[in-house]
Amino acid sequence: MRTAWSRKAAAMAAPLRAFRLRRPGSAQKFGAAAGSLRGLLRKGCRLLQLPLAGSRLCLYEDGTELSEPFYRTLPPQTELVLLRPGESWPGCCGDVERFLAALCSRTDAVVEAARRLLEDERAPRRQRLLADLIHNLSGDSAAERRDEDGKWFEGLESRFKNKSSYMRYSCESRIRSYMKEVSNFISNVHPTARDAYKRILELMADKLKSVRYNGSYFDRTEEEAAVRLCTKEGWFSCQGPFDRDDCPCKHSINPYTNRESRILFSTWNLDHIIEKKRSVVPELAEAVKTRDGREVNWEYFYQLLFTVDNLKLVHIACHKKTNHHLSCDKTKIYRKRKQTSEIS
């Protein structure tokens, strides 16, 4: 049986290993070196003036409590948290939660502190982190009118008096461009089917005008949540690539916050799940050509081309430009003839 003296001698014989110690919720760190967990705990308690009885050491990263065998596997300079009796440490996520709380409750102070740090920062990675922090916290997302947030409107025509009107216009412009592509495709339509194709274009154009080109998708003031893609505050979330149900990176943006966010949002895409150029428009042209007395279900194609039935809002990194290998539903291309909208 090992005596206390032999255990002490063994600990003294073990090579000293240095670690960084801190208390829960404190950013201040202290260096301490010891040859054993017990020795490190003793030094840490003396250094931080804590009672040795009942105190423990755990990993700062995830809160794992240290045992002597586990201690021996740790690399030098590992960051540890010293806990007094009754305390616990959830891991560094606790610091993140406190940081987020500070961001929400003291936004202006955090932005000012970040700006001061950025002035003297030379490390590119830290520069990027600080710049992104300032960018995401700056601005006035609650402001709506030009006279409330003039910087947001820099570079825009004077006719836009509020943010929502411009965002609605931005969405309408995208939808109009889709309609233009459908119209321009008429040169590829078989000559005998062009009149019928033009009639469908007219029906689609009338439908788009009646819903104001679905500009409500980007308008945070739209009262009906089902017809906008953002929250009432103006936050948009990426809906993920065409072949996924969600965004793996959790991309989000509020273009109502500041001018830079407004500009960055223009790089987000309204992506057609069933591709517009490769599938929807060519299949529409083929349906008109081979209708053989049947009525083309133009409203089905309208939904695929201009509505969120087939559109996903995606961050540029989630926009896959490869072939989607998806086609229109053959059972929905034609429908029973209606006298009021007959295509002949």
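Higher on the page you've got the structure.
What you see is a predicted model, and the numbers here were worked out from it, not measured in a lab. (Residues numbered from 1 in each chain as written. Predicted model: local features only at pLDDT ≥ 70, side-chain atom pairs only at ≥ 80, totals over all residues. Heavy atoms only, no water.)

### Comments concerning the overall build of the chain
Which entries qualify depends on this criterion: Think of it this way: any DSSP run of H or I at least four residues long counts as a helix, any run of E at least two long counts as a strand, and we number them from the N terminus. Radius of gyration here uses only the C-alpha atoms, and the compact-globule reference equals 2.2 Å multiplied by the residue count raised to the power 0.38. For each residue, the accessible area found with a 1.4 Å probe, counting protein chains only, is set against the maximum for its type, and the residue is called buried under 20%, exposed over 50%, and partly exposed in between. Residues count as neighbours in contact if any of their non-hydrogen atoms are within 4.5 Å of one another. For the accessible areas, the method is Shrake-Rupley and the probe is 1.4 Å, while residue cover comes only from the protein chains on display. When charges are counted, Lys and Arg contribute as positive and Asp and Glu as negative, whereas His and the chain ends are disregarded. Each charge is placed at NZ for Lys, CZ for Arg, CG for Asp and CD for Glu.
Broken down by element type, the chain carries 11 helices and 10 strands. Taking 20 Å as the expected radius of gyration for a compact globule of 344 residues, we find that the chain reaches 31 Å, considerably beyond that expectation. Across its three principal directions, the C-alpha atoms of the chain cover 105 × 55 × 35 Å. A buried classification covers 42% of the 344 residues belonging to the chain. Once local pairs closer than 6 in sequence are excluded, the contacts in the chain between residues at least 24 apart make up 64%. With an accessible surface of roughly 20,000 Å², the chain has 52% of that area assigned to carbon and sulfur atoms. The average position of the 61 basic charges and that of the 45 acidic charges among the side chains of the chain differ by 6 Å.

### Notes on helix H5 (residues 107-120)
Rules: Under the convention used throughout, the expected extent of a helix is 1.5 Å for every residue step, that is, one less than its residue count.
Here H5 contains 14 residues, and its C-alpha end-to-end distance of 21 Å stays within 8% of the 20 Å for a straight helix at 1.5 Å per residue. On its buried face, H5 is in contact with helix H4 (93-105) and helix H6 (124-137).

### Structural notes on the nonpolar core
Threshold: Take the buried residues of types Ala, Val, Leu, Ile, Met, Phe, Trp, Tyr and Cys, join any two whose side-chain atoms come within 4.5 Å, and each joined set is a nonpolar core.
Among the nonpolar cores identified, the biggest contains 56 residues, and Tyr-197, Met-204, Phe-218, Phe-236, Leu-284, Phe-301 and Phe-306 are the most heavily contacted of them. Those elements that place two or more of their residues in this core are helix H7 (163-184), helix H8 (194-210), helix H10 (276-289), helix H11 (298-306) and strand E9 (311-314). Here this core takes eight residues from H8, the largest share from any one element. The contact partners of Tyr-197, leaving out residues within four places of it in the chain, are Val-182, Phe-185, Ile-186, Val-189, Val-281, Leu-284, Ala-285 and Val-288. Ranked by size, the runner-up nonpolar core spans 17 residues in total, among them Ala-34, Leu-48, Leu-50 and Leu-82.

### A look at the pattern of salt bridges
Spelled out, the test is: Here a salt bridge means any side-chain nitrogen of Lys or Arg lying within 4 Å of a carboxyl oxygen belonging to Asp or Glu.
Using the criterion set out here, one finds 25 salt bridges in the structure. Here Glu-222 makes a salt bridge to Arg-168, at a shortest N to O gap of 3.6 Å. Residue Glu-222 is found in the loop between H8 and strand E5 (236-237), and its partner Arg-168 is found in helix H7; the two are separated by 54 residues along the sequence. In this structure, a network of salt bridges that share partners links the residues Arg-20, Arg-22, Lys-29 and Glu-79.

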